[in-house]
Every structure is written in C-alpha cells, then in structure tokens.
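# What the coordinates show
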Amino acid sequence: MVIRSAGWSYPVFAGERLAAAIPAIIDESCRGGRRFAVVSRAVQKAQPALVAKATGGMEVIPFDDGEELKTLETAQTLVEHLLQRGVRRDSVLVAIGGGMTGDTAGMAAALVLRGIDLVQVPTTLLAQVDSSLGGKVGVNSRHGKNLIGAIWPPRAVISDPAFLTSLPADEIRSGLFEAMKAGIIADGVLFELCRDFADGSEEELNEIIRRSIDVKARIVSDDEREGDRRRLLNYGHTIGHGIEAAMNYRGITHGDAVAFGMIGANAVASGRGTLDRESETAIRDAIRKRRPRRPQQLDEARVLEAIESDKKFSQDKRVMVLPRGIGDCSIVEGISREEIALGVRAALDELG
C-alpha cells in the first residue's frame with residue numbers, strides 16, 4: 001500500500017515476519033547514510049529478538065516512552081544526541097515503538113539538520129492502525145496534546161504484528177478503539193470486525209490492521225495537511241483529547257479516551273437529529289462490549305477548558321466530526337459551546 005504526500009509517496013508494509021526485512025526495506029526506501037534506531041526501552045525488554053532483527057547494522061538509541069515525556073525537551077534531547085553522534089543529511093532515523101516514540105522521534109527527525117529520512121516501525125496496535133500513518137509528528141504542550149508538531153512524512157512504515165504479542169490487554173483495547181473509529185468513519189465491515197474481535201485471533205487482527213491502514217491511507221492521500229477531508233480522522237478526538245488533557249495525560253489510554261469521545265460526539269449528532277438511534281446504540285454497545293477503563297470522575301469545566309484550546313478550532317468557530325451512520329461521518333462547523341458541553345456530559349456519564 002502507498003500513501004501519497006506533497007513531498008513524496010511512501011510504502012506501508014504490514015505482515016508477519018517483516019522485522020527481519022526492515023534493513024532491506026530501508027536500503028530500497030532511503031539514502032545510504034548512517035542509520036540511527038530510536039528504540040523504546042519497553043519494546044527492547046519485551047521483544048529483544050525482534051528488535052535485534054529490526055536494527056541490524058544500526059546505531060541504537062534507547063528511549064524512555066510515556067505520555068508525560070512527549071515534550072519538546074525530549075525531542076531536543078534526541079536532536080542533541082544525534083548531533084553528538086555525527087548525524088548527517090543522508091542519515092536515517094528509524095523509530096521503533098508505540099505512538100509516543102514515533103511522534104517524538106519523528107519530531108526529532110524533522111528538526112535535526114532541517115530534516116532527515118524517517119522510517120516508522122510501530123509496535124503497538126494503535127500506532128500500526130493510526131499514529132504511524134499520515135506524516136504527522138509532534139509533541140505535547142502544557143496547553144494541550146500534539147500542539148507542537150510538523151508534517152514530516154516517513155520514507156516507509158513497517159508494521160509487523162509479531163510486536164503485538166507482548167502487549168497488555170489495555171494496549172490492544174486502545175488500538176481496537178482507534179480502529180473502530182476508522183470503521184465508523186468509512187468502513188462498516190471494519191467496525192464489525194472490531195466489535196466482534198476475539199482476543200488471540202491473529203487472522204482477524206491482521207484484517208483489522210489492513211483495513212485501518214486502507215481507510216487512513218485513502219484519507220491522508222487526499223488531504224495531507226488537514227485542510228478538509230483529513231479532519232474526518234478527528235472523530236471522537238475533540239472530547240477525547242479534552243479528557244486526556246484534564247487528566248494530565250495519565251490514568252487513561254488514548255484509545256479509551258477516544259471511545260468516550262465518540263460517545264460524546266454521538267450525543268451531539270443525536271441532539272442535532274443527524275444520527276439515528278439504532279446507529280447510536282450500536283456504537284455505544286460496541287464500545288461497552290470492549291469495556292474501556294473508567295478513570296476517576298472528572299470535572300466538566302476542566303474538560304471544557306481543555307477542549308476550548310483544541311487546535312482544530314479557529315477563533316469562535318468550533319468544529320466536530322459527527323457520524324450520520326456507521327461508515328459515514330461528516331465535518332460539522334459552527335458547533336456551539338452548549339453542544340460541546342452536552343457531549344462532554346454524555347462522555348462523563350459513561351465514565352461514571
């Protein structure tokens with residue numbers, strides 16, 4: 001599969017036993033300079049044999065991940081480390097880890113020497129179905145999630161499901177919610193696969209990954225910089241990001257936050273009369289079936305304050321992605337603060 005971007009098109013590889021092929025894929029996709037692999041310490045500990053295959057001939061930089069470390073300071077530390085090691089314009093940075101690793105290492109790749117080649121090797125389900133795709137890199141600000149960033153497309157994305165075998169159940173569930181989001185946006189079969197997925201079914205999981213990549217690839221190839229169509233991928237994220245920010249990015253996975261954000265967005269759509277009750281119930285039941293983790297009660301005002309700083313808003317124009325049915329979402333402008341408050345209450349009621 002290929003994703004088109006303004007600068008270049010890049011391949012997305014997904015399948016078993018790809019880890020060992022990573023050096024060869026880099027040979028075909030990148031320039032011939034030195035290769036630096038930023039490797040999540042958690043992945044290195046859980047999958048040492050896979051990491052060894054993936055990083056053959058590379059200079060490994062161990063990396064501590066965690067949402068609280070997804071900062072400009074962390075990206076700058078990586079940049080300084082690369083400069084100290086003699087990075088050049090023809091060097092390649094290979095990010096091996098989950099979304100936090102890919103986003104932060106990708107930010108470093110975009111900044112150092114005004115940009116070097118980047119290869120994404122996502123090792124969580126959420127990163128394989130979403131965050132590694134599309135060329136967005138970035139870090140968090142004290143004002144909100146992913147507010148400091150750039151568009152820096154990789155030269156390749158390489159997803160080996162073997163990395164997922166050591167993931168805890170929370171991480172699989174988080175990725176399934178992100179894949180479910182893609183299904184509700186544009187693929188009803190994908191939604192059903194996520195709803196009915198039985199833990200341990202490798203064939204179903206591979207199909208979920210493939211279909212999720214296909215949805216995102218089609219959307220970001222049409223709209224790289226979120227001028228219009230790409231904004232569809234924000235379904236569930238307006239309120240979800242507000243919940244994450246209100247919790248200081250701790251105590252809830254991104255996928256669980258998106259799940260509650262989808263319930264909130266559906267409440268707004270239902271209140272407008274654009275989402276039928278049958279579809280709203282089907283989505284809510286699918287989310288409940290996967291049992292997102294419910295953190296402590298949150299204050300509605302804190303969540304609303306976080307949402308108001310959302311980068312998708314401009315001045316007083318609030319934008320949300322609202323479903324019209326499963327496989328059919330639209331970008332809606334002119335959402336009122338009262339409607340967002342309604343959605344937040346629906347999400348927090350579900351949290352309770």
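It should be emphasised that the depicted structure is a prediction, and the values quoted were computed from it without experimental measurement.

About the thresholds
Residues numbered from 1 in each chain as written. Predicted model: local features only at pLDDT ≥ 70, side-chain atom pairs only at ≥ 80, totals over all residues. Heavy atoms only, no water. Helix = DSSP H or I, 4+ residues; strand = E, 2+ residues; numbered from the N terminus. Buried < 20%, exposed > 50% of the residue type's maximum accessible area, 1.4 Å probe, protein only. Lys, Arg positive; Asp, Glu negative; His and termini not counted. Charge placed at Lys NZ, Arg CZ, Asp CG, Glu CD. Expected span 1.5 Å × (residues − 1). Contact = heavy atoms within 4.5 Å. Pairing = 2+ DSSP bridges. Axes fitted to C-alpha atoms, helices over the stretch in contact; angles between N-to-C directions. Salt bridge = Lys/Arg side-chain N within 4 Å of Asp/Glu carboxyl O. Core = buried A, V, L, I, M, F, W, Y, C linked by side-chain atoms within 4.5 Å. Polar contact = N/O pair within 3.5 Å; in protein donor to acceptor, adjacent residues only side chain to side chain.

Quick look at the overall build of the chain now. Across its full length, the chain holds 14 helices and eleven strands. For the C-alpha atoms alone, the extent of the chain along its principal axes is close to 55 × 45 × 35 Å. Taken across its 352 residues, the chain has 58% of its residues classed as buried. Positive and negative charge centroids in the chain, built from 46 and 50 side chains respectively, lie 3 Å apart.

Here helix α9 (residues 202-222) contains 21 residues, and its C-alpha end-to-end distance of 31 Å stays within 8% of the 30 Å for a straight helix at 1.5 Å per residue. Among the residues making up α9, those that are buried are Leu205, Ile208, Ile209, Ser212, Ile213, Val215, Lys216, Ala217, Ile219, Val220 and Ser221. Summarising the contacts, the buried residues of α9 are in contact with β1 (2-3), β2 (10-14), α6 (125-131), α7 (169-186) and α8 (188-196).

Turning our eyes to something else, we now look at the sheet that holds strand β3 (residues 35-40). Judged by pairing direction, the sheet is mixed, and its seven strands sit side by side in the order β1-β2-β9-β6-β5-β3-β4 without closing on themselves. With partners counted over all chains shown, the strands left at the sheet margins are β1 and β4 (59-63), one partner each. The pairing of β3 with strand β5 (residues 92-97) spans five bridges and is parallel. Of the residues in β5, the one forming a bridge with Arg35 is Val92. Strands β2, β3, β5, β6 (117-122) and β9 (156-159) of the sheet are contacted by helix α1 (residues 22-29), whose axis makes an angle of about 165° with β9. Helix α4 (residues 72-84) contacts β3, β4 and β5 of the sheet and is inclined by roughly 155° relative to β4.

So, on to the environment of Gly32. Note on placement: Gly32 falls in the loop between α1 and β3. Given a relative accessible area of 80%, Gly32 falls into the exposed group. Between the alpha carbons of Gly32 and Ser221 there is a distance of 27 Å; along the sequence they are 189 residues apart.

Before going further, it helps to examine the pattern of salt bridges. Within this structure, the stated rule accounts for 25 salt bridges. The residue Lys181 makes a salt bridge to Asp130 at a minimum N-O spacing of 3.4 Å. Of the two residues, Lys181 is situated in helix α7 and Asp130 in helix α6; the sequence distance between them amounts to 51 residues. Of the two residues, Lys181 and Asp130, neither departs from the other in class, the shared state being buried. Its salt-bridge partner being Asp130, residue Lys216 comes within 3.2 Å of it at the nearest N-O pair. One end of the pair, Lys216, is in helix α9; the other, Asp130, is in helix α6, and 86 residues separate them in sequence. For the pair Lys216 and Asp130, a shared accessibility class is recorded, and that class is buried.

Alternating residues of β9 divide into Ala156 and Ile158 and Val157 and Ser159, and every residue in both groups is buried. Judged from the three bridges that link them, β2 and β9 form a sheet pairing that is parallel. Residue pairing across strands places Val12 opposite Val157, the latter belonging to β9. Sheet analysis places β6 next to β9, joined by two bridges and oriented parallel. Counted as the bridge partner of Gln120 is Val157 from β9.

A separate point is the nonpolar core. Counting residues in each nonpolar core, the largest one holds 66 residues, and the members touching the most others are Tyr235 and Ile243. With nine residues, helix α11 (residues 254-272) is the single largest residue contributor to this core. Grouped together as the second largest cluster of nonpolar side chains are 23 residues, Ala105, Met107, Ala109 and Leu118 included.

Our next topic: the side chain of Arg230. Note on placement: Arg230 falls in the loop between α9 and α10 (237-246). There is a polar contact of 2.9 Å between the side chain of Arg230 and the backbone oxygen of Gly134.

This part covers the pairing of β5. By the criterion of burial, β5 is predominantly enclosed, with six of the six residues buried. Burial of the side chains of β5 extends over both faces: Val92, Val94 and Ile96 are buried on one face and Leu93, Ala95 and Gly97 on the other. Two strands pair when backbone bridges link them, and β5 and β6 are joined in this way by six bridges, in the parallel orientation. Pairing of Val94 across the sheet is with Val119, part of β6.

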